[in-house]
Amino acid sequence: MTELEPPTLQDTMRNPTPASSGGMVASSHLWGYLADTRGRRKVLIATLLLDFLCAIAGSFAHTFWLFVVFRFLNGFFICGPSAVVYVYLGEFHTAEHRTKAIMWACIFISIGIISLP
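Presented here is an overview of the structure given in this document. Throughout this document, residue positions are counted from 1 along each chain, in the order its sequence is written. Note on the predicted model: pLDDT of at least 70 is required for a residue's local features to be given, and 80 or more for side-chain atom pairs to be given and counted; whole-chain, interface and lining totals, by contrast, use all residues. By convention in this description, side-chain values take in all heavy atoms of the structure and omit both hydrogens and water.

What the largest pocket holds in volume is close to 220 Å³. Grid points spaced at 1 Å and placed over the protein atoms alone form the basis of the search, with a cavity being a set where a 1.4 Å probe fits but cannot get out and a pocket an open set showing protein on both sides within 12 Å along at least five of seven lines. Lining residues have an atom within 4 Å of a point. Forming the walls of the largest pocket are Ser82, Tyr86, Ile109, Gly112, Ile113 and Leu116. In DSSP terms, a helix is any run of H or I states spanning at least four residues, a strand is any run of E spanning at least two, and both are numbered starting from the N terminus. For the lining of the largest pocket, the leading source of residues is helix 5 (residues 95-115), giving three residues. All residues other than Ala, Val, Leu, Ile, Met, Phe, Trp, Tyr, Cys, Pro, Asp, Glu, Lys and Arg, Gly among them, are scored as polar; the first ten of these are nonpolar and the last four charged. Within the lining of the largest pocket, the residues separate by chemical class into four nonpolar, two polar and no charged. Grid points are joined across faces, edges and corners, and a volume is the space filled by probe spheres set on the points.

What follows is the structure, given as C-alpha cells:
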C-alpha cells in the first residue's frame, strides 16, 4: 500500500483515534452539567485521575480492542478537564484580560498539538 491509495476498512480499523474522539463527543455535555451542579474542582480532579488510570491501563492492554476501549474511556474522561479549565481561566482574570488569557491558552494548546508527533 502506498500513501496515494485509499485506506481499506482494515487499515481504518487499526487506528484507535476515532475511539478517543467518540469518547469526547459522548461526554462533552455531561461534564459541563456535572461541573455546574457538583463543582468544577471535583470534576477536574476526578476526571484527571480517571483519565490517568485509563491511560495506564491502555498501555498494558493485550488486545487491540481492549486498547480501543481504553482509548474511548480516555477521550471520555479527558473532556471534563478540557471544559473546566477554560472556565477557571476566565474566573481568575479580570474582564479586561479574560479574553486574551483564554485566547493565549488556546493558541499554546494548538501549538502543542501541532508540534507533537
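We now examine the nonpolar core. Side-chain atoms within 4.5 Å link the members of a nonpolar core, which is a set of buried Ala, Val, Leu, Ile, Met, Phe, Trp, Tyr and Cys residues. The rule is simple: take the accessible area with a 1.4 Å probe, protein chains only, and divide by the maximum for that residue type; under 20% is buried, over 50% is exposed, in between is partly exposed. In this structure, Trp31, Ala35, Val43, Cys54, Phe76, Phe77, Cys79, Val84 and Tyr88 together form the largest nonpolar core, which totals nine residues. Going through the elements one at a time, helix 2 (17-38), helix 3 (40-59) and helix 4 (64-91) are the ones with two or more residues in this core. Considering every element that reaches this core, the biggest residue donor is helix 4, with five residues. In this structure, Phe77 is in contact with Trp31, Thr47, Leu50, Asp51 and Cys54, ignoring residues within four places of it in sequence. Contacts: residue pairs with any heavy atoms within 4.5 Å of one another.

Turning our attention to the pattern of salt bridges. Here, a salt bridge means any Lys or Arg side-chain nitrogen found within 4 Å of an Asp or Glu carboxyl oxygen. Under the defined criterion, the tally for this structure stands at two salt bridges. The shortest N-O distance in the salt bridge between Arg40 and Asp36 comes to 3.8 Å. Here Arg40 falls in the partly exposed class, since its relative accessible area comes to 26%. Measuring nitrogen to oxygen at the nearest pair gives 2.7 Å for the salt bridge that ties Glu91 to Arg40. Of this pair, Glu91 sits in helix 4 while Arg40 sits in helix 3, and the two are 51 residues apart along the sequence.

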